[in-house]
Amino acid sequence: MAECSSPSSSTKILGSSGRLPGLPHDFNEIGMWMKSLLNNTKSRRRIFEGAYLLVLVALILYSVLTARNAIETMGMSSGFGFLERTTGFDIGFSLIEFNGMDSYGRLLLAGLVNTLFLGIIGIIGANLIGLLIAMFRLSDNGTLNLIGTTYIEIFRNIPLLLQVLFWYSILSHLPAPRGAEPVLGTIFLTARGLFFPGLNIAPIAAALWSALIVLLLVGFVIVARNRRLTPIEKSRTRWAMTIAFAIVAIIIGYVLRLPDTPLVSVPELRGLNIRGGLSVAPELSAMIIAISIYGAAYIAEILRAGFNSVGQGPTEAGWALGLSRWHLFTRIRLPLAIRAVLPTLTNQYVWLMKATTLSVAIGFADFFSVISVSINQSGQTLELIALLMLGFLVINNTISIILNRVNKAIELRGTQLRG
């Protein structure tokens, strides 16, 4: 015998009127439903967000289609296939091997590597100089305080572009190689660049050494955060790691040395130029000096604010424990100051990385500069500008993500602020 559903069960599903509950069924109910929906803050926010996204997507699609039609009308090619074409020209400085027979893709990679190198060196230099100037500003010595204040008021208020041009002008007016006097017999400072002794090793060795340094620093952090080790054990572990990494670095240098050449290459004058050793182009030197000095003026003030935020309690506790001035600074004041100002420092590091684009003013082959040259040579304007924006988005977001994770790891929790 077939079973049939009872009227009471269907009434529960459809309601007393035989309609699905919660949905409007006439114009009055629709109006009341819309009114209640708009009066709800959460629903209203979602409606506005959805409308904004729809308008944004429509504008992007319209821009893409308009640009595509314009490109087709002018008979121009589009797409990223040009990255495989030969450039036909060389650049003045590259950390990776590059010549005129290489592709546009390798050219952009060379420019990106140059930008990363310049940005990292500039940020390191700005930190070191900025820390020194911050200590001058906090010093009770009137002369040191005056030096720090004068430094900040001068270099912070002169545009970075003018400083780049100033330092490049100085470096490009140095003596020619034949008229340069060697410093310590092996270092030459000339209008063609700075020459100093170097190692005859393959380029991959420098990358491996950089990786070793990063691993060593990470190891130091892991050891320092290990609460199971005593201070003596931590010190011994750090020394053992340093010795082990030094041995590995020596082995890498010996294995990857260039064949049939001495390990150390010393620059010397030959004819009208200097041969041997390592050289730093004036364009790169001017950018490093300008970014380091200009960035240091801001970082010094940021660090000074961080030091002033450290109360007297931790310092007095360190004195009571018998810590020296150096240990008070490195283990109490500096870590607490960095913890207080790390978000602001992150913003400054991102700005300094973007400041590398000023290299185009003096002809240094950074990422922005090679993109500009590639636009003139290939005509792929939209694609190259998109790659330029994407490159800096990836670089700067990587800096932000890493330092935000560090800030999250070292921030004081609510339980640590009690008492």
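The structure contained in this document is the topic of the report that follows.

What counts and how
- Residues numbered from 1 in each chain as written.
- Predicted model: local features only at pLDDT ≥ 70, side-chain atom pairs only at ≥ 80, totals over all residues.
- Heavy atoms only, no water.
- Helix = DSSP H or I, 4+ residues; strand = E, 2+ residues; numbered from the N terminus.
- Polar contact = N/O pair within 3.5 Å; in protein donor to acceptor, adjacent residues only side chain to side chain.
- Salt bridge = Lys/Arg side-chain N within 4 Å of Asp/Glu carboxyl O.
- Buried < 20%, exposed > 50% of the residue type's maximum accessible area, 1.4 Å probe, protein only.
- Patch = residues over 30% accessible without salt bridge, like charges linked within 9 Å, V, L, I, M, F, W, Y side chains within 5 Å.
- Areas by Shrake-Rupley, 256 points an atom, 1.4 Å probe, with all protein chains shown as cover.
- Phe/Tyr/Trp six-rings, centres within 6.5 Å; stacked < 30°, edge-to-face > 60°.
- Pairing = 2+ DSSP bridges.
- Axes fitted to C-alpha atoms, helices over the stretch in contact; angles between N-to-C directions.
- Contact = heavy atoms within 4.5 Å.
- Expected span 1.5 Å × (residues − 1).

Another point: the side chain of Asp 102. Locating Asp 102 in the fold gives a position in the loop between helix H3 (41–73) and helix H4 (104–138). A distance of 2.9 Å separates a polar atom in the side chain of Asp 102 from the backbone nitrogen of Asn 99.

Think of it this way: side chains of opposite charge can pair up when their charged atoms draw near. A complete count under the given rule lists four salt bridges for this structure. Among the salt bridges present, the one from Arg 106 reaches Asp 102, with a minimum N-O distance of 4.0 Å. Residue classification places Arg 106 among the partly exposed positions, given a relative accessible area of 31%. For the salt bridge of Glu 301 with Arg 137, the shortest nitrogen-to-oxygen distance reads 3.3 Å. With Glu 301 in helix H9 (residues 282–309) and Arg 137 in helix H4, this pair connects stretches of sequence that are 164 residues apart. An identical accessibility class is assigned to Glu 301 and Arg 137; each is buried. Overlapping salt bridges, with partners in common, bring together Arg 137, Glu 301 and Arg 304 in one network.

Attention now moves to a nonpolar patch on the surface. Together, Leu 95, Leu 116, Phe 117, Ile 120, Ile 121, Ile 124 and Leu 128 line one region of the surface with nonpolar side chains, adding up to about 580 Å² of accessible area. The topology assignment puts Ile 120 in helix H4.

Going through the model one piece at a time under the given rule, you end up with nine aromatic pairs. Between Phe 166 and Trp 167, the ring centres sit 5.1 Å apart and the planes meet at 75°, which makes this aromatic pair edge-to-face. Given a relative accessible area of 47%, Phe 166 falls into the partly exposed group. Geometrically, the ring pair formed by Trp 326 and Phe 329 is tilted, given 6.4 Å between the ring centres and 40° between the ring planes. Here Trp 326 and its partner Phe 329 are both found in helix H11 (residues 325–354), three residues apart, which amounts to about one turn of the helix. Overall, the relative accessible area of 14% leaves Phe 329 in the buried class. Taken together through their ring pairs, the aromatic side chains of Tyr 294, Tyr 298 and Trp 351 make up a single cluster.

Okay, the sheet that holds strand E1 (residues 188–190) next. Read across the sheet, three strands follow the order E1-E2-E7 without closing on themselves; strand pairing throughout is antiparallel. The two strands at the open ends of the sheet, each matched to only one other strand, are E1 and strand E7 (278–280). Across this sheet, the average inter-strand angle for adjacent strands is 15°, counted without regard to direction. Here strand E2 (residues 193–196) pairs with E7 via three bridges, running antiparallel.

Sequence-wise, Glu 301 and Arg 137 are 164 residues apart; in three dimensions their C-alpha atoms are separated by 8.6 Å. With near-sequence residues (within four places) excluded, Glu 301 lies in contact with Arg 137, Ile 152 and Arg 156. In this structure the side chain of Glu 301 is engaged in a polar contact, spanning 3.3 Å, whose partner is the side chain of Arg 137.

On to helix H12 (residues 367–378). Its twelve residues place the ends of H12 16 Å apart at the C-alpha level, agreeing with the 16 Å of an ideal helix rising 1.5 Å per residue. Here H12 has its buried residues at Phe 367, Ser 369, Val 370, Ile 371, Ser 374, Ile 375 and Ser 378. Against H4 and helix H13 (381–410) lie the buried residues of H12. At the exit of H12 stands Gly 379, carrying a positive phi of roughly 80°.

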